[in-house]
Amino acid sequence: KNQVEQSPQSLIILEGKNCTLQCNYTVSPFSNLRWYKQDTGRGPVSLTIMTFSENTKSNGRYTATLDADTKQSSLHITASQLSDSASYICVVRSNAGNMLTFGGGTRLMVKP
Amino acid sequence: EAGVVQSPRYKIIEKKQPVAFWCNPISGHNTLYWYLQNLGQGPELLIRYENEEAVDDSQLPKDRFSAERLKGVDSTLKIQPAELGDSAVYLCASSPYSGGATGELFFGEGSRLTVL
């Protein structure tokens, strides 16, 4: 069964600090992995996509990594801002039937 | 360009009452999804449409849930009768086509349902 597990479930950090969110998956065959940001009361918005051949990709203060061998991804947030407070959802796409498997998300709170 | 539009944003009903949610996807997007999202959890697929055809409705509780996308554009999700456990956010998403290279979904803001 395809599964996506995210950790931690929730995280509180101080403004300006860095943090790393984890995503482990068992989806096969693997196509790509996306990180979405979901602000409270809004729909998820894509932050970045990782394909099989990519190890690291940056989008501003967000850096995603992918280890296809261990089936792990991380999202690193540098110099956090209050606006980073949101849920971060990892979504893995399988080539089989174009299926998407969602993780449960990590709820990040950045405090001043 | 307008994003995915959903209505209503909020709905409060008593149990056993019917409720309907509407979604208008991004123009030109063939694929439309309805997801259910409980508080603090990730979205769960209810149904996926390719144009007007429901290609994956295996997770849709068909005894009380129904959906339609008659002209392959906007869609309606209905619950009848609603139960207390249906309280959640119903998210609609669209994509150009599910077989696309990247598979990015574009989500609406969701319809929050409270069943009393």
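Just so we're clear, the structure is a prediction, and the values are computed from it rather than from any experiment.

Is there a simple way to think about the sheet that holds strand β3 (residues 19-24) of chain B in this case?
Strand pairing in a sheet relies on backbone hydrogen bonds, with the paired strands running either antiparallel or parallel. Residues and elements named next belong to chain B. The strand order across the open sheet built from 4 strands is β1-β3-β8-β7, with neighbouring strands paired in antiparallel fashion. The strands lining the two open edges of the sheet, one partner per strand, are β1 (5-7) and β7 (65-68). Taking the axes of each pair of neighbouring strands and ignoring which way they run, one obtains an average angle of 15° across the sheet. Note that β7 and strand β8 (residues 75-79) share 4 bridges and pair antiparallel. Pairing of phenylalanine 65 across the sheet is with isoleucine 79, part of β8.

So what exactly am I meant to see when it comes to the pattern of salt bridges here?
Side-chain pairs of opposite charge can arise where the charged atoms are in close proximity. If you walk through the whole model with that rule in mind, you get 9 salt bridges over all chains. Here B:Glu109 ties to A:Arg42 by a salt bridge, and the two come within 2.4 Å at their closest N and O atoms. Taken as a pair, B:Glu109 in the loop between β10 (106-107) and β11 (111-115) and A:Arg42 in the loop between β4 (30-38) and β5 (45-51) lie in two separate chains rather than in one. Assessed through its relative accessible area of 45%, A:Arg42 is described here as partly exposed. With a closest N to O distance of 3.8 Å, B:Asp57 and B:Lys62 form a salt bridge. Linked through salt bridges whose partners overlap, the residues forming this network are A:Arg42, B:Arg9 and B:Glu109.

In this structure, what is going on with the side chain of B:Arg69? I would like to understand it.
Residue and element names in this part refer to chain B. With respect to the helices and strands, the residue arginine 69 is situated in the loop between β7 and β8. Here arginine 69 sits buried without a salt bridge, and the closest side chain of opposite charge, glutamate 50, lies 6.7 Å off (N-O distance). At a separation of 2.9 Å, a polar atom in the side chain of arginine 69 contacts the main-chain carbonyl oxygen of asparagine 51. A polar side-chain atom of arginine 69 sits 2.8 Å from the main-chain carbonyl oxygen of valine 73. When sequence neighbours within four positions are dropped, the list of residues in contact with arginine 69 reads Pro25, His29, Asn30, Thr31, Leu32, Tyr49, Glu50, Asn51, Glu52, Asp74 and Ser75.

What is the right way to read the interface of chain B and chain A from this model?
Reports often express the size of an interface as the amount of accessible area lost when the parts come together. Counting residues at the interface gives 21 residues for chain B, matched by 20 residues for chain A. Summed over both partners, the interface of chain B with chain A comes to about 1,500 Å²; 46% of that surface belongs to carbon and sulfur atoms. At the surface where chain B touches chain A, the tally comes to 1 salt bridge. Taken together, the links from chain B to chain A amount to 6 residue pairs in polar contact (both at pLDDT 80 or more). Of the residues in the side of chain B that touches chain A, the class split is 6 nonpolar, 10 polar and 5 charged.

How should I be thinking about the sheet that holds strand β7 (residues 62-67) of chain A in this particular structure?
All names here are of chain A. Strand order in the open sheet made by the 5 strands is β1-β3-β8-β7-β6, with antiparallel pairing throughout. Looking at strand neighbours, the two that pair on one side only are β1 (4-7) and β6 (56-59), the edges of this open sheet. Averaged over all neighbouring strand pairs, the angle between strand axes comes to 15°, with direction disregarded.

Help me out: how do you make sense of the packing of aromatic side chains in this one?
When we look at a pair of aromatic rings, we describe it by the centre distance and by the angle of the planes. Evaluation of the coordinates by the stated rule reveals 8 aromatic pairs over all chains. Ring plane angle 90° and centroid distance 5.9 Å describe the contact between A:Tyr36 and B:Phe107, whose orientation is recorded as edge-to-face. Taken together, the positions of A:Tyr36 in strand β4 and B:Phe107 in strand β10 put the pair across two chains. Taking the relative accessible area as the measure of exposure, B:Phe107 reaches 10% and is therefore buried. Across the ring face of A:Tyr62, the terminal group of A:Arg61 is positioned such that the distance to the ring centre comes to 5.7 Å.

I'm lost on the state of the cysteines in this one. Help?
Put plainly, a disulfide is one covalent bond tying together the sulfur atoms of two cysteines. Residues and elements named next belong to chain A. Within this structure, the stated rule accounts for 2 disulfides over all chains. Between the sulfur atoms of cysteine 23 and its disulfide partner cysteine 90 the distance amounts to 2.0 Å. Its S-S torsion of approximately -65° makes the covalent link between cysteine 23 and cysteine 90 left-handed. Taken together, the positions of cysteine 23 in strand β3 (residues 19-25) and cysteine 90 in strand β9 (residues 86-94) put the pair 67 residues apart, joining distant regions of the chain. Cysteine 23 provides the cysteine sulfur closest to cysteine 19, a residue in no disulfide bond, and the two sulfurs are 15 Å apart. Judged by its relative accessible area of 6%, cysteine 19 is buried.

Definitions and limits used
Residues numbered from 1 in each chain as written. Chains lettered and ligands numbered in written order. Predicted model: local features only at pLDDT ≥ 70, side-chain atom pairs only at ≥ 80, totals over all residues. Heavy atoms only, no water. Pairing = 2+ DSSP bridges. Helix = DSSP H or I, 4+ residues; strand = E, 2+ residues; numbered from the N terminus. Axes fitted to C-alpha atoms, helices over the stretch in contact; angles between N-to-C directions. Salt bridge = Lys/Arg side-chain N within 4 Å of Asp/Glu carboxyl O. Buried < 20%, exposed > 50% of the residue type's maximum accessible area, 1.4 Å probe, protein only. Lys, Arg positive; Asp, Glu negative; His and termini not counted. Polar contact = N/O pair within 3.5 Å; in protein donor to acceptor, adjacent residues only side chain to side chain. Contact = heavy atoms within 4.5 Å. Buried area = accessible area lost by both parts, 1.4 Å probe. Nonpolar A, V, L, I, M, F, W, Y, C, P; charged D, E, K, R; others polar. Phe/Tyr/Trp six-rings, centres within 6.5 Å; stacked < 30°, edge-to-face > 60°. Lys NZ or Arg CZ within 6 Å of the ring centre and 35° of its normal. Disulfide = S-S within 2.5 Å.

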